[in-house]
Amino acid sequence: MLTLSRTHVRLGQAATSKTEAIRLVGQALVDEGFIEPGYVDSMLRREKVSATYLGNGIAIPHGTPDAREFVRKTGVVVVQFPRGVEWGGGPAHVVVGIAARSDEHLQVLANLTGVLGDAVKAEELARTTDAGLVVATLNGGASTPEPEAAVTTPAGKGLCIQAISPVPHGLHARPSTVLVEVAKRFRADITVQYGGRTANAKSLVTLLTLGARGGESLTITAVGGDAATALAAIRAAFDAGLDEEVAPQPAAPAPVAVPTARLDYDGPFVAGISASPGIAVGPVWAFQHERLEMSERAPDAARERQRLEQALAGATADLQNLYQEFLKKAGAPRAAIFKAHQELLDDPDMVAEARRHLDAGASAGWAWRRVYEERADVLARLPDPLLAGRAGDLRDVGRRVLRMLADVVEGVATLPDHPVVLLAEDLAPSDTAKLDPAMVLGLCTVGGGATSHTAIIARSLDIPAVVAAGPSVLDLRDGDECILDGNAGVLVVKPSAKDRERAATQRERVREQRDAEKLDRYKPAITRDGRRVEVAANIGSAKDAEKAVNAGGEGVGLMRTEFLFLQREDPPGEDEQYEAYSTMVRALNGLPIILRTLDIGGDKKVPYLSMPAEANPFLGVRGIRLCFEREDLFRTQLRAILRASLEGPVRIMYPMVATLSELRRAKAITEEVRREVGAAPVETGIMIEVPSAVMLADQLAKEVSFFSIGTNDLTQYALAMDREHPVLAPQADGVHPAVLRMVDLTVKAARAAGIWVGACGGVAGDPAGALTLSGLGVSELSVAIPTIPAIKALLRSVSMADMEALARRALACEGAAEVRALVQGLLSRAGVGA
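Remember, predicted model here, so these are calculated numbers, not experimental data. (Residues numbered from 1 in each chain as written. Predicted model: local features only at pLDDT ≥ 70, side-chain atom pairs only at ≥ 80, totals over all residues. Heavy atoms only, no water.)

A. Region of interest: the pattern of salt bridges. Across all of its chains, the model carries 41 salt bridges by this definition. A salt bridge links Arg355 to Glu309; its shortest N-O distance comes to 3.5 Å. With a gap of 46 residues between them, Arg355 in helix 11 (residues 348-359) and Glu309 in helix 9 (residues 301-330) connect regions that are remote in the sequence. The exposure class assigned to Glu309 is partly exposed, which follows from its relative accessible area of 42%. When the shortest N-O distance is used, the salt bridge between Glu672 and Arg635 registers 2.8 Å. Here the residue Glu672 occupies a position in helix 22 (residues 660-677), and Arg635 occupies one in helix 21 (residues 631-644), the gap between them amounting to 37 residues. (Salt bridge = Lys/Arg side-chain N within 4 Å of Asp/Glu carboxyl O. Helix = DSSP H or I, 4+ residues; strand = E, 2+ residues; numbered from the N terminus. Buried < 20%, exposed > 50% of the residue type's maximum accessible area, 1.4 Å probe, protein only.)

B. Representation of the pairing of strand 24 (residues 650-654). Extensive coverage of strand 24 is indicated by the burial of five of its five residues. Taking every second residue as pointing to the same face, both faces of strand 24 are buried, with Val650, Ile652 and Tyr654 on one and Arg651 and Met653 on the other. Sheet topology places strand 24 next to strand 25 (residues 683-688); four bridges connect them, and they run parallel. By the bridge assignment for strand 25, Arg651 is matched with Glu683. A crossover connection joins strand 24 to the parallel strand 25 through helix 22; in handedness this β-α-β unit is right-handed. (Pairing = 2+ DSSP bridges. Right-handed = clockwise from strand over helix to strand, strands pointing away.)

C. The arrangement of the sheet that holds strand 24 in detail. Taken in spatial order, the eight strands close into a barrel running 21-22-23-24-25-26-27-28, and their pairing is parallel. Taken pair by pair, the neighbouring strands of this sheet meet at an average axis angle of 25°, ignoring direction. Of the strands in this sheet, strand 21 (534-539), strand 22 (556-560), strand 23 (593-596) and strand 24 touch helix 19 (residues 574-588), which is tilted by about 160° from strand 23. (Axes fitted to C-alpha atoms, helices over the stretch in contact; angles between N-to-C directions. Contact = heavy atoms within 4.5 Å.)

D. The packing of aromatic side chains, seen in detail. Throughout the structure, instances matching the rule amount to four aromatic pairs. Plain terms: the ring middles of Phe628 and Phe634 are 6.4 Å apart, the flat faces sit at 75° to each other, and that makes the pair edge-to-face. An angle of 70° between the planes, with centres 6.5 Å apart, marks the rings of Phe634 and Tyr654 as edge-to-face. In this pair, Phe634 sits in helix 21 while Tyr654 sits in strand 24, placing the two residues 20 residues apart along the sequence. The two residues Phe634 and Tyr654 agree in class, both being buried. Members of the aromatic cluster, connected to one another through ring pairs, are Phe628, Phe634 and Tyr654. The side chain of Arg643 reaches across the aromatic face of Tyr578, ending 4.2 Å from its centre. (Phe/Tyr/Trp six-rings, centres within 6.5 Å; stacked < 30°, edge-to-face > 60°. Lys NZ or Arg CZ within 6 Å of the ring centre and 35° of its normal.)

E. Representation of the packing of helix 21 against helix 22. At their nearest, the axes of helix 21 and helix 22 sit 9 Å apart, and the two run at 55° to each other. Here helix 21 is positioned oblique relative to helix 22, judged by the angle of their axes. Read as a crossing pair, helix 21 and helix 22 show a hand that is right-handed. Counted together, Glu631, Phe634, Arg635, Leu638, Arg639, Leu642 and Arg643 of helix 21 and Arg665, Ala666, Ile669, Thr670, Glu672, Val673, Arg674, Glu676 and Val677 of helix 22 form the full contact between these two elements. Tallied by class, the residues present in the contact of helix 21 with helix 22 amount to seven nonpolar, one polar and eight charged. (Parallel < 35°, antiparallel > 145°, perpendicular 65-115°, else oblique. Left-handed = near helix turned anticlockwise from the far one by under 90°. Nonpolar A, V, L, I, M, F, W, Y, C, P; charged D, E, K, R; others polar.)

Right, dumping it as structure tokens:
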């Protein structure tokens, strides 16, 4: 057992600050041979993360687990500051410095907790001139059992150890999550006893309901064949602080060419996925309020069990996506709440009780709601406000599952008539397109992903947007002020005065940068080493053509012609299409335009086409396949396009080409129509957006003038993830190495055939995508109009040599997060986004 001696006590010391006091304590540990001097810096680092003030004038500074290499041997020193040192929570008079390789110091802390509750004893230690009194108090008695030893419980009911609840906040969500994760690795039944109550160590909810405060003694018992091993692992977890230290933060991906987003808000926030850049400040407005309804009874218990398991799995995957995204942005401590949410879903006690309700005839939705609401009510009644606050987390998690089990009845959708930050379950592309940027300052949705149509349209309207934020955003009241940070992917729901000031400063900084980029918008995107990348515009209407030119676009890399075919009862005629296309050609004044032929199907429903329902429309009749099914529409459109080509440089692009025969058939029809119209030959190209086109790129390249990579669809087909899927969409990242390798194959095939390659998906307008795609040899990037000046400025700030080196490294990465970290490193070295 670790004991304190008189030589370990320093009485009557003085310090002007906490930093000076910690250095005095650290020097005492050095003098006693417990640590190397480097450990002192670790003690100071931990203090910045979490104050070690316990109360009653007592503080316990110690280092982070990663500094254990500086610990020569476990030891404790006590330094007394009779006049006190401000410690963040109160003046500290008795400071216990800890150097620990394992958990031998826990008994001293256990004795210390007795002093915590005794103000008279604490005052006595603060004023005493007798080191022996300090030693006697903190050593306790020789009969005290050593906490690190697992002892057999009475009646042979297993093994148990004593541990100290983490300071300063006790068993709140993050340390409890770590404890649950450790406990679940073992078969043994493991319980935690505190204050006369017992909790299942594998159940996060019951651990939280213990309400164990920081520094208090816990009894952990394990029963089963691997009990001793389990307790050893739990002991090590407590020794490491149950993850209460701050982990190094990986570089955050920058979604746009603006200053790097920092998550230094004071107010609570809801985390989602960055979808459109910018900062918005204003009152929230719910676009749709959902009502979750479900019947109480269900006849098939087995079916209801299956439904519950599927809903739990789906919600867990959703939370895992958020955890990974936020880990990239803000590091482990802030991302840990989503890991805790996952454990709430995987709580064995909750699931077992829900199943009992199912076996009694309840529906999955009714049973699940009853279980999580009952436990949330228990948490809400806890006296500790930090633990009581977890009731909201449990309700948020519960609703994630409930949404998958209930019938969702949408309210009447209305649009605001005053400036707001819009909250929505989700928005259809047509809904998003109707938004007025003057009224919608920002947009935050429950589901979606960065490549969803909602995100694409938000970027085209220059509306800051956060998607995949989870159902809790719909609990906000209309009119509540918030900050929507589209760069960081968060919605700050109760911003402080400092938060507002930071947001205003960042908005001004972004405005100044955009003004500078706007002044240079007509300059070509020529890299530092003299290589040019063309930056064109994605447009969806005739009026967008002039906007593209005014934004500095060097042409139109993608004109989505389907805008003429949607939201109407009959298809547009040849003359109507010709007028629209020729208007665009004239507006571009000699700059090239790529007109993509009709791309409808999958997620775009058109009543007059009378298309039969498909089990999987994304693998059905869409794109060029629909053009062949309705060759009359295809020929009419081609006639209009070829007539417009007489007004200026027009290129034709076929969507969703998967085979060589499809391309040849499309070209043959085009050639027949061209001869009928009497137009000159035009350049033709194809969208590369399905894996088969990549694998056939060497053959396809011989038949066309150019390729344009549709990164959005290529990503969803390559990763087998629907980009509108409520759970999988956040993972569908176009800079995933699997997608980049397909781009690389496409570019190499194009170069061998002597044709050029562009990219027109959402990733082309993302700094990470723009840099990696350019480095792979993509020579034209077609992006949303508001993004053109920023992307051109970004490309001018780096060299092609650096982008090529970046691309080579990106191809070898394991995932999109690693690629984005590489990009952030390049931008930092180039002085961009810092």
